[in-house]
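Coordinate analysis (summary)
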Amino acid sequence: PPRQNLLSPWLPSQGLCMIYSARGLGKTWLALEIAYAIASGGSFLKWEAEFPQEVLYIDGEMPLSLMQKRLSIIESCRGKNITNKLKFLSPDVQEFGIPDLSSKDGQEKIDNLTSNDTKLVVLDNLSTLIRSGKESESDSWLPVQEWLLRLRSQGKSVLLIHHAGKSGSQRGTSRREDVLDTVIRLKKPDNIKQESGTCFEVHFEKYRSLSGDEIKPFEVILESCEQDNGLGNIHWDYKSLDDSTFEKVCRLANEGLEQLEITKELEIHKSTVSRHYRRGKEEGLITPHYN
């Protein structure tokens, strides 16, 4: 039968997908929201789950108390019922930690935790869960790749959360991407200040059966604030990169910068600045600046 999507349009049933980025950019927040959306049959950003599906989230890095707090915040904001649909495996409550998932023994232990109802396994992240072999050697990845293919043959999807290397691409051997359906890179926007909070660009680097607006890059902002219940509140906003650049050009123009100065500030082509500047003037969003 044709594959359906666990999360339309990019995470199919029996799909193997990866999200990677530099440290501290928001991978775990993103992965938690994706897992919650699929477990609840809800939506997140531009993506929508067709049906509630059981998810096993294997975390190898975060303290369990912090994961529980983040999930409580998400649940408070979304209000969806995910009873028995979202399950976590955390090293904090394992006597001997989480086994090495590059070993046959470790893989079998995870297999024993899944059932026919488990449709998505999230591995967050590869560097803490895959501990044998060398990241840069393609042969070291083969035992994991074979396991992922077995999970796929059993009707399960797998979402890999991974770190970027110094070059900006995913760390280690590129062989990881050979069998993947989708590879998403989270990239820090240029000229974003540290105090701006969680903000990243979503870029589709590999995609099967996707096209057009489905794979256009977009910018994501996560805003948070404290609430009386002590959990806090989060809000995700997103916009196309073109719209984001347009807003930046208008803001800098209204601050008195000339087009050439805006080009240097944003490190973009002068024709792009000219196009957005002209549009801003036509729409009345750029007002005359007098010295």
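That block above? That's the structure.
Residues numbered from 1 in each chain as written. Predicted model: local features only at pLDDT ≥ 70, side-chain atom pairs only at ≥ 80, totals over all residues. Heavy atoms only, no water.

Some details on unusual backbone geometry
We apply this condition: Under the scheme used here, helices are H or I runs from DSSP no shorter than 4 residues and strands are E runs no shorter than 2 residues, and both carry numbers assigned from the N terminus.
Cis geometry marks the peptide bond from Ser8 to Pro9, where omega comes out at 5°. For Pro9, the location among the structural elements is in the loop between β1 (5–7) and β2 (11–12). Within the chain, Gln14 stands out as a residue other than glycine whose phi angle is a positive 55°. If you check the backbone angles, Ser209 has positive phi at about 65° while not being a glycine.

Section: the packing of helix α1 (residues 27–40) against helix α2 (residues 64–78)
For clarity, the threshold we go by: Every axis corresponds to a line fitted to the C-alpha atoms, with the helix fit spanning only the stretch in contact, and the corresponding angles, defined between N-to-C directions, vary from 0 to 180 degrees. Roughly parallel refers to an angle under 35 degrees, roughly antiparallel to one over 145, roughly perpendicular to one between 65 and 115, and oblique to any angle outside these ranges. By the definition used in this description, the sense in which the near helix is turned from the far one sets the handedness, with an anticlockwise turn below a right angle giving left-handed and a clockwise turn giving right-handed. Contact between two residues is taken to exist if any of their heavy atoms lie within 4.5 Å; hydrogens are not considered.
Two elements in contact, α1 and α2, have axes whose closest approach is 11 Å; the angle formed by their N-to-C orientations is 50°. Taken as axis vectors, α1 and α2 run oblique relative to one another. Note that α1 runs across α2; the crossing there is right-handed. Residue-level inspection shows Thr28, Trp29, Leu32, Glu33 and Tyr36 of α1 in contact with α2, the latter providing Met67, Arg70, Leu71, Ile73, Ile74, Glu75 and Arg78.

Notes on the pattern of salt bridges
Selection rule: The term salt bridge refers to a side-chain nitrogen of Lys or Arg lying within 4 Å of a carboxyl oxygen of Asp or Glu. Per-residue accessibility, obtained with a 1.4 Å probe over protein chains only, is compared with the maximum for each type, and a residue is labelled buried under 20%, exposed over 50%, and partly exposed between these values.
The full count for this structure, using the stated rule, is 13 salt bridges. A salt bridge links Arg171 to Glu135; its shortest N-O distance comes to 3.0 Å. Placement of the pair is Arg171 in the loop between β9 (157–163) and β10 (182–187) and Glu135 in the loop between α4 (126–129) and α5 (138–153), with a sequence separation of 36 residues. Accessibility expressed as a relative area gives 22% for Arg171, which makes it partly exposed. When its relative accessible area of 28% is taken as the criterion, Glu135 is described as partly exposed. Between Lys248 and Glu219 there is a salt bridge, and its shortest N-O distance comes to 3.8 Å. Placement of Lys248 in helix α6 (residues 241–254) and of Glu219 in strand β12 (residues 218–225) is noted, with a sequence separation of 29 residues between them. For the pair formed by Lys248 and Glu219, the shared burial category is buried. Connected via shared salt-bridge partners are Arg3, Asp181 and Arg208.

Thoughts on the packing of helix α3 (residues 104–111) against α5
Formally: Residues are grouped as follows: Ala, Val, Leu, Ile, Met, Phe, Trp, Tyr, Cys and Pro are nonpolar; Asp, Glu, Lys and Arg are charged; every other residue, Gly included, is polar.
Two numbers describe how α3 lies on α5: the axes approach to 11 Å, and their chain directions differ by 20°. Relative to α5, the element α3 lies roughly parallel. Between α3 and α5 lies a crossing whose hand is right-handed. Contacts between α3 and α5 involve Gln107, Ile110 and Asp111 from the former and Pro143, Val144, Trp147, Arg150 and Leu151 from the latter. Classifying every residue of the contact of α3 with α5 gives five nonpolar, one polar and two charged.

Quick notes on the side chain of Thr173
Structurally, Thr173 can be placed in the loop between β9 and β10. With relative accessibility at 7%, the residue Thr173 sits in the buried group. Contact partners of Thr173, with chain neighbours within four places excluded, come to Glu135, Ser136, Glu137, Ser138 and Trp141.

Side note on the packing of aromatic side chains
Applicable threshold: We call Phe, Tyr and Trp rings a pair once their centres come within 6.5 Å, taking the six-membered ring for Trp, and we label the pair stacked below 30 degrees between planes, edge-to-face above 60, and tilted otherwise. Either the NZ atom of lysine or the CZ atom of arginine qualifies as a charge over a ring when it sits within 6 Å of the ring centre and within 35 degrees of the ring normal.
Within this structure, the stated rule accounts for seven aromatic pairs. Ring geometry for Trp10 and Trp47: centres 5.3 Å apart, planes at 75°, overall edge-to-face. Here Trp10 is found in the loop between β1 and β2, whereas its partner Trp47 is found in strand β5 (residues 47–48), with 37 residues between them in sequence. With 5.1 Å between their ring centres and 35° between their planes, Tyr57 and Phe88 make a pair best called tilted. Residue Tyr57 is found in strand β6 (residues 54–59), and its partner Phe88 is found in strand β7 (residues 86–89); the two are separated by 31 residues along the sequence. Residue classification places Tyr57 among the buried residues on the basis of a relative accessible area of 0%. Phe88 sits in the partly exposed class, given a relative accessible area of 31%. In this structure, Arg176 is placed above the aromatic ring of Trp141, and the distance from its NZ or CZ to the ring centre is 5.0 Å.

Observations regarding the environment of Ser76
Relative to the helices and strands, Ser76 is located in helix α2. We classify Ser76 as partly exposed; its relative accessible area is 38%. Expressed as a C-alpha distance, the spacing of Ser76 and Asp181, which sit 105 residues apart in the sequence, is 32 Å.

These figures come from the coordinates and say nothing about function on their own.
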